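Notes for the structure review
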Amino acid sequence: MNPQGKLIFALSLTLGTTLTISSNHWIMAWTGLEINTLAILPLISKSHHPRAIEAATKYFLVQAAASALVLFSSMTNAWHTGQWDITQLSHPTSCLILTVALAMKLGLVPFHFWFPEVLQGSSLIVGLLLSTLMKFPPITLLYLTSPSLKPSILMTMAILSAALGGWMGLNQTQTRKILAFSSISHLGWMAIIIAYSPKLALLNFYLYTLMTAAVFLSLNSIKALKLSTLMTTWTKTPSLNAILLLTLLSLAGLPPLTGFLPKWLIIQELTKQEVALAATIIALLSLLGLFFYLRLAYCATITLPPHTTNHMKQWYNTKPTNTMVAVLTTMSLMLLPISPIILAVV
């Protein structure tokens, strides 16, 4: 793809996201979501591989259905209340339809089936966009409408997402699919808290974006698409592999790394809101995710392939690591000590 095309699509993604997160009117928010969808499709399908075309088709169909439901929900609400304002969503049917639409947009269980397939058909950089930037507008809409949505539905979806995200990631061998199930699991944590503390859900999303970007960019710089490739990259970039180990453990939520902060705050808030049972369940379910993160980390740094066939080792890379990767990984590891400052800002 030529630079002009990339620039147009990057500007369109920026425009679509900005339009949705800054609008008060449902039609403007819907327009932003549509611009985003249309801008990412050529990026998904640019390799012209059958799997990429299939991923783009699946993405288009799911997002089109979700956008139609957003529009239907807002029109139903406007019909009954005369309000097109996003924060004035009060009709029960509209709230239910919007919950379904945003769950489809985000890839929350039970509307998650498209996400791992689409991520597997995309490149790592496009996968990063799908896991972070494309989730921002729906999360913002969820944030704005959270007082109107039913906490019980969101909590059910959240616990199912954490369970299935962890469970289905256990036997994967493709790094993109593992990160897709990781994303579903993290969305569960955001969905469970958004009805009680929307700001905490946004903080979780920001930190998740930070850590996921660090992992995706690290994997992209060592060109690791499968676990078998990841096992031989220690000869190519040993220092980056060591940092990748710590970033994956941060994504798993181990203290004293950054990823522990949102989980700690969410469990604390859920306990304050007297839903300690849900907090216990989702904390236990995060152990499933910890298992496959440890598996990734083990493959990246600790072991050779566990069989006797010869593997071609990669040449040592003498090029310096991308500055963006360095900054993101540092932030993914070291933000926990300054959590009081982060909470004061949020």
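Please refer to the structure placed before this passage.
Residues numbered from 1 in each chain as written. Predicted model: local features only at pLDDT ≥ 70, side-chain atom pairs only at ≥ 80, totals over all residues. Heavy atoms only, no water.

As a further point, take the packing of aromatic side chains. In the structure shown here, the tally under the stated rule is seven aromatic pairs. Centroid distance phenylalanine 292 to tyrosine 293: 5.0 Å. Interplanar angle 45°. Geometry classified as tilted. Taken together through their ring pairs, the aromatic side chains of Tyr59, Trp114 and Phe115 make up a single cluster. The ring of phenylalanine 115 carries the charged tip of lysine 135 above its face, separated from the ring centre by 3.9 Å. (Phe/Tyr/Trp six-rings, centres within 6.5 Å; stacked < 30°, edge-to-face > 60°. Lys NZ or Arg CZ within 6 Å of the ring centre and 35° of its normal.)

To continue, consider the layout of surface pockets. The space that makes up the second largest pocket amounts to roughly 190 Å³. Forming the boundary of the second largest pocket are Trp189, Ala252, Gly253, Leu254, Phe260, Lys263, Trp264, Ile267, Ala283, Ser286, Leu287 and Leu290. Within the lining of the second largest pocket, the residues separate by chemical class into nine nonpolar, two polar and one charged. (1 Å grid on protein atoms, 1.4 Å probe; cavity = no way out; pocket = protein on both sides within 12 Å on 5 of 7 lines; lining within 4 Å. Points joined across faces, edges and corners; volume = space filled by probe spheres on them. Nonpolar A, V, L, I, M, F, W, Y, C, P; charged D, E, K, R; others polar.)

On to the packing of helix α7 (residues 136–145) against helix α9 (residues 175–194). Their axes nearest at 10 Å, the elements α7 and α9 cross at an angle of 20°. With respect to α9, the axis of α7 lies roughly parallel. α9 is crossed by α7, and the crossing has right-handed handedness. Of the residues in α9, those touching α7 at Ile139, Leu142 and Tyr143 are Leu187, Met190 and Ile194. (Axes fitted to C-alpha atoms, helices over the stretch in contact; angles between N-to-C directions. Helix = DSSP H or I, 4+ residues; strand = E, 2+ residues; numbered from the N terminus. Parallel < 35°, antiparallel > 145°, perpendicular 65-115°, else oblique. Left-handed = near helix turned anticlockwise from the far one by under 90°. Contact = heavy atoms within 4.5 Å.)

The next subject is a nonpolar patch on the surface. Side chains of Leu38, Phe60 and Leu61 sit close together on the surface and give an oily, nonpolar patch of about 300 Å² of accessible area. Turning to its location among the elements, phenylalanine 60 is positioned in helix α3 (residues 50–81). (Patch = residues over 30% accessible without salt bridge, like charges linked within 9 Å, V, L, I, M, F, W, Y side chains within 5 Å. Areas by Shrake-Rupley, 256 points an atom, 1.4 Å probe, with all protein chains shown as cover. Salt bridge = Lys/Arg side-chain N within 4 Å of Asp/Glu carboxyl O.)

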